[in-house]
Amino acid sequence: MNVPRRALLGAGAALAAAPLWPSAAEAAAPFRNDLPPAWYRFRIGEFEATVISDGRLPLGEPGPAFPASPPAEITALMQSNFLPVNSANLEQNALIVNTGRHLVLFDTGMGDSMGPASQMFGPTTGRLLRNMRAAGIEPAQIDMVILTHAHCDHCWALVDAQGNRNFPNAQVALSETDLRYWTDPANKTGPAFMTAFIDGATKNLNAYRDRLVMVRDGAEVVPGIQAISAPGHTLGHTMYAVTSGNRTVVNTGDLAHHQVLLLRRPLWEFSFDTDPRMSAQTRARALERFAGERTQLLSYHFSWPGLGHVAKEQEGYAWIPTAMDLTALE
Ligand SMILES: [Zn+2]
């Protein structure tokens, strides 16, 4: 340290006689090795919105997650977007909307309700409740949990490991199609994850049996929040338009999982899709509409905090993140 500092100050500089800062500062500061709570607050018209992170969900090698895609093209897209070619990382951006009448949480993250299966994507998930409390919101205040679909990373934190409701005062809204599909043991076929997915959805949704709300395409779930059916990723997968005043943000759930691979190539298939072709068609149609209408989106798995727009680019779309305002609530 001393040599470059002397060199910077210049030989014979008067300042060199007296140290510029106390010698204690020369001791290396310990690394903190911790992170701030991950939440971000903004307004949608008169509504107050908060994005809460459930933590990163790493997919590992992107190839297996996008099985029908040419590996060289995956690599090229990752490289040109300055992303590691051998690990596709998804975020988990859960939206909370306070409409003034209702406090609505969209999706719950992975939680810890299913033991080791809750960490099937590693130890970085399951942070929603902690981050929510850090943002000043208690789980007991939530009066509605709206699910985009009934996959592990969206509904497994409805209950805790003992099966107790994490949101004791909430109703749970989802499509009837997803409720039926993901609680039907007859669907434990195909990929190995199906058994865990169905067991997990069943445990979590059963705890709210007497307070389920069935979401219908086009209908308002609560005033200002409208369901938009977007089937394919799951057969009952649903997006939600949140509208107040002249502002709308569409919570797109899992319409697209990766802001580069599935936006630049909307017709690529994703390994966790129930119906990959239907999912791709739904994605292509919705993205075209969102780009044309310049709709602001909140995407569950895109880079934190998942707010932005899609813009047409070549045969696909570019993701334009909304700049975070950390000084004011617009
Ligand atoms: Zn997901």
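These numbers come from a predicted model, not from an experiment. (Residues numbered from 1 in each chain as written. Predicted model: local features only at pLDDT ≥ 70, side-chain atom pairs only at ≥ 80, totals over all residues. Heavy atoms only, no water.)

1. Considerations on the confidence of the model for the protein
When pLDDT is averaged along the protein, the result is 93, and 92% of the positions lie at 70 or above. Below a pLDDT of 50 lies the segment residues 5-15, which in the model reaches five contacts outside its immediate sequence neighbourhood of four places, other chains included. (pLDDT = per-residue confidence, 0-100. Contact = heavy atoms within 4.5 Å.)

2. What to know about the coordination of the zinc ion
With distances of 2.1 to 2.2 Å, the protein atoms coordinating the zinc ion are Asp 153 (OD), His 154 (NE2), Asp 254 (OD) and His 301 (NE2). Each of the four donor atoms bound to the zinc ion contributes to angles spanning 85 to 170 degrees, and the resulting shape is irregular. (Donors = N, O, S within 2.8 Å, 3.2 Å for Na, K, Ca; no water. Tetrahedral: all angles 85-135°; square planar, octahedral: opposite > 155°, others 65-115°.)

3. Digging into helix 9 (residues 276-293)
Residues spaced three or four apart along an α-helix face the same direction, because each turn holds 3.6 residues. Helix length check: helix 9 (18 residues) gives 25 Å between terminal C-alpha atoms against 26 Å at 1.5 Å per residue, within 8%. Residues of helix 9 that are buried: Ser 279, Ala 280, Thr 282, Arg 283, Ala 286, Leu 287, Phe 290 and Ala 291. Looking down the long axis of helix 9, one finds its buried residues gathered within 165 degrees of arc, a one-sided arrangement. Residues of helix 9 that are exposed and angled more than 90 degrees away from the buried face: Arg 277, Arg 285, Glu 288, Gly 292 and Glu 293. The elements touched by buried residues of helix 9 are strand 12 (238-244), strand 13 (247-253), helix 8 (261-264), strand 14 (296-299), strand 15 (307-313) and strand 16 (316-321). Positioned one or two residues after helix 9, Arg 294 has a phi angle of 55 degrees, which is positive. (Helix = DSSP H or I, 4+ residues; strand = E, 2+ residues; numbered from the N terminus. Expected span 1.5 Å × (residues − 1). Buried < 20%, exposed > 50% of the residue type's maximum accessible area, 1.4 Å probe, protein only. Arc of directions from axis to C-beta.)

4. Observations concerning the side chain of Thr 99
Here Thr 99 lies in the loop between strand 5 (93-98) and strand 6 (103-106). Take Thr 99: its relative accessible area is 15%, and that puts it in the buried class. At a separation of 3.1 Å, a polar atom in the side chain of Thr 99 contacts the main-chain amide nitrogen of Arg 101. Look past the residues within four positions of Thr 99 in its chain and what remains in contact with it is Phe 47, Pro 223 and Ile 225. (Polar contact = N/O pair within 3.5 Å; in protein donor to acceptor, adjacent residues only side chain to side chain.)

5. Thoughts on the UniProt feature "domain: Metallo-beta-lactamase" (unreviewed entry) in the protein
Feature annotation in UniProt assigns "domain: Metallo-beta-lactamase" (unreviewed entry) to the following positions: residues 91-301. Secondary structure within residues 91-301 divides into 26% helix and 23% strand; the distance between the first and last C-alpha atoms comes to 5 Å. (UniProt positions renumbered as here; feature names shortened; annotations may be inferred.)

6. Some points on the pairing of strand 8 (residues 171-175)
Moving residue by residue along a regular strand, the side chains alternate between the two faces of the sheet. Here strand 8 lies mainly inside the structure; four of its five residues are buried. As defined by bridge partners, strand 8 adjoins strand 9 (residues 212-215) across four bridges and the pair is classed as parallel. In the strand pairing of strand 9, Ser 175 is matched with Val 215. (Pairing = 2+ DSSP bridges.)

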